[in-house]
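Breakdown of the fold
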Amino acid sequence: MKRRHPVRRVVLSTAATVSGIVVLIGLKPTASTGGGAQAGGAAATGAGQRSGAAAPASASGASPKGVTVTVTVTGKTVQTKYGPVQVRLTFTGGRITAATALQHPTGNKISDKINAHAVPALDQETLTAQSATIAAVSGASYTSAGYKQSLQSAIDETRA
Amino acid sequence: MTTIQPSRASRRLATGRARRRRSPAALLLLLAAAGAAAVVGLWWRDTPAVTGNADRLVNAGRITGLLAGYAIALVVVQMARIPALERRVGSDRVARWHAMSGRYALSLTVAHVVLIVTGNAMQTHASLTAEAVSVVTGYPDMEKAAIGTALLVVVGLISAAPVRRRIPYELWYYLHLTTYAGVYLAFWHQLSTGNDFAAGGRIARWAWYAMYGGVWLLLVWYRFVVPVRMNFRHRLRVLETVEEAPGVVSVLISGHRLHRLGAQAGQFFRWRFMSRGLWWSANPYSISAPPRPDLLRITVKASGGHSAALARLRPGTRVWAEGPYGALTAARRRRRSGKVLMIAGGAGITPLRALFETLPAASGDLTLIYRARRTEDLALWDELQAIAEERGARLRYAVNGPDGARPQITARGLRKLLPDIARHDVFLCGPPGLAEEMYAVLREAGVPDRRIHHESFEF
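This one's a predicted model, so the numbers in the text were calculated from it and none came from an experiment.

Quick word on the overall build of chain A
Check the secondary structure of chain A and you find four helices and five strands. Along chain A, helices (α) and strands (β) appear in the sequence α-α-β-β-β-β-β-α-α when read from the amino end. Here chain A, with 160 residues, has 38% of them falling under the buried criterion. Nonlocal contacts in chain A, meaning residues at least 24 apart in sequence, comprise 55% of its contacts between residues at least 6 apart.

The following block contains the structure:
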């Protein structure tokens, strides 16, 4: 029976929700940076010895020994609901310099349409993040999740 | 003729249950808020970074989508007629929560749709229409979700006050049931396209299934299993109808072992009378006397088609009831003993008539003010007088003057009648206008808000 103020309530709840969401999004970093250096560093120490795919590169003075090592690592194939995903990474001097999806869900219009946009976005995110801590691409949840798993396994490969 | 006479036995039966209980409202609101925080936490955990405006929109869309999915589950569970909610928080309050959270959930849903489509359109450089089409046709379960959302929006629109007033209650009610279809259809895309549930978030996915599954179980249990079991057990039938005042009719209902229903004075059932033209609508009417092992009574004022038709009910008509619901009982008082004032307006006398007989109060501690248009409209007056005499309670009525002038019930008048009114628990039941007016008067007379007990049903 207390007096109710419907308009005030609507204004308040709208304002609270909108500002809450704005603050939450604002608190997130604008690019994935956390963990990037770590993964890169790990790759730098491990890359040459472990992967077996190591190839001497033209001298550029970036690596400790004065030789830039370019390593290509292939992640494991991850099965998703819509098809397999597999990522290949190229490390140059301990940094991820290329990320490519060798496999991603294809074979129907929907998957093709989604992944035509999502896969390049994920490749790009990997280069920026230098780690498997990348944001999923909206609408491509399964591909994103599979991509992250395969990416992580590729990074682990260089570290093991 | 069967009459319900006030009896010591029924009073003893009813007062034994009057345990004082706190309303769990605050705790429930806290839990709901904690759940919302956990849902937003999912997004927080799964989002390492937000880059660019398109991404900001998409992420705002994700948050509103998650919250909408959560809010919808809460909106539905509030209508599961869970006894703890109906009897301790109060059906009227839960219905208001439901309406409020329904509006909120729908707003979140609409925001979710707009944000996701706009954000994706910015990412793919498509037009809004093209993107909307591709979102619906291109993602798993999205066609279902689009239909479901459309249903929810329609239900929201017909529930908006201006529309609601113009359509019959039954039509509104049955259209409202399509909510379940809408919720079901919109459910699947949450799991298959939601970043926080697809692939990686197994625990989140199971939590979501558990939440919706739990809501569904509660619905099936309390809206189907419990009423069916109750009606098979008690086998209610109309015994007879009695005209109490012009346009006011009592329906006496017989059944088996009715004391086992657990109904308390002040509570109501939703009644469905299995006769032609009545069976398809269930209406809430308070019991107007403490339940007897073989007899229940409701007293109804003819205000709509349904209540008017009750006078013509034949003895023997089967009755389907759901309940008891409502929190306007003796348990609502702040203290077990102490003085009580009841104010009834018109048909609002029904729950108070039952409480007037059974509410624990010493002789002289109980007062009932009964407001009606004319003296002949004072339904159940003889019974009230008999109870007042037996219990040593005060009984006053206020009717319009011969010229139609409304009697003034003022703070001063109340203080004159009850000098210690500020220390009374007040039970208030009547049409919305009167209830609001009386609430203001009572506050002016010094009765604190927490001691004014009121239930409002504006269906």
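There's plenty left to go through after this.
Thoughts on the domain arrangement of chain B
Interfaces are frequently sized by the accessible area removed from exposure as the parts join. All names here are of chain B. Once the domains are mapped, chain B shows domain 1 (25-228), domain 2 (235-325) and domain 3 (330-454). Here the side of domain 2 that touches domain 3 takes three residues from strand β5 (residues 295-301), the largest share from any one element. When its residues are assigned to classes, the side of domain 2 that touches domain 3 shows eight nonpolar, four polar and two charged.

Concerning the sheet that holds strand β8 (residues 366-372) of chain B
Residue and element names in this part refer to chain B. The parallel open sheet is built from five strands, whose spatial order is β9-β8-β7-β10-β11. Taken across any chain shown, the strands that pair with only one partner, and hence form the sheet edges, are β9 (394-399) and β11 (452-454). Strand-to-strand twist of the sheet, defined as the mean angle between neighbouring strand axes without regard to direction, takes the value 15 degrees. Pairing between strand β7 (residues 340-345) and strand β10 (residues 425-429): five bridges, direction parallel. Note on β10: the bridge partner recorded for Met342 is Phe427. The strands that helix α12 (residues 349-358) touches are β7, β8 and β10; relative to β7, the one it contacts most, it runs at about 150 degrees. Those strands touched by helix α13 (residues 381-391) are β8 and β9, and its axis lies near 150 degrees from that of β9.

Thoughts on the interface of chain B and chain A
Listed per partner, the contact involves 29 residues of chain B and 27 residues of chain A. Every element with two or more residues in the side of chain B that touches chain A is listed here: α3 (52-77), α4 (83-124), α5 (128-138), α15 (432-444) and β11 of chain B. Counting residues per element, the side of chain B that touches chain A draws most heavily on α3(B), which supplies five residues. Broken down by class, the residue content of the side of chain B that touches chain A amounts to 14 nonpolar, 13 polar and two charged.

Here's the deal with the environment of A:Val69
All names here are of chain A. Secondary-structure assignment places Val69 in strand β2 (residues 69-74). According to the C-beta neighbour criterion, Val69 is buried, with 21 such atoms within 10 Å. Put simply, Val69 and Asn108 are 39 residues apart on the chain and 39 Å apart in space, counted from C-alpha to C-alpha.

Here is what the cut-offs are and how they apply
Residues numbered from 1 in each chain as written. Chains lettered and ligands numbered in written order. Predicted model: local features only at pLDDT ≥ 70, side-chain atom pairs only at ≥ 80, totals over all residues. Helix = DSSP H or I, 4+ residues; strand = E, 2+ residues; numbered from the N terminus. Buried ≥ 20, exposed ≤ 12 C-beta atoms within 10 Å, placed from the backbone. Contact = placed C-beta atoms within 7 Å. Domains from an automatic or database assignment. Nonpolar A, V, L, I, M, F, W, Y, C, P; charged D, E, K, R; others polar. Pairing = 2+ DSSP bridges. Axes fitted to C-alpha atoms, helices over the stretch in contact; angles between N-to-C directions.

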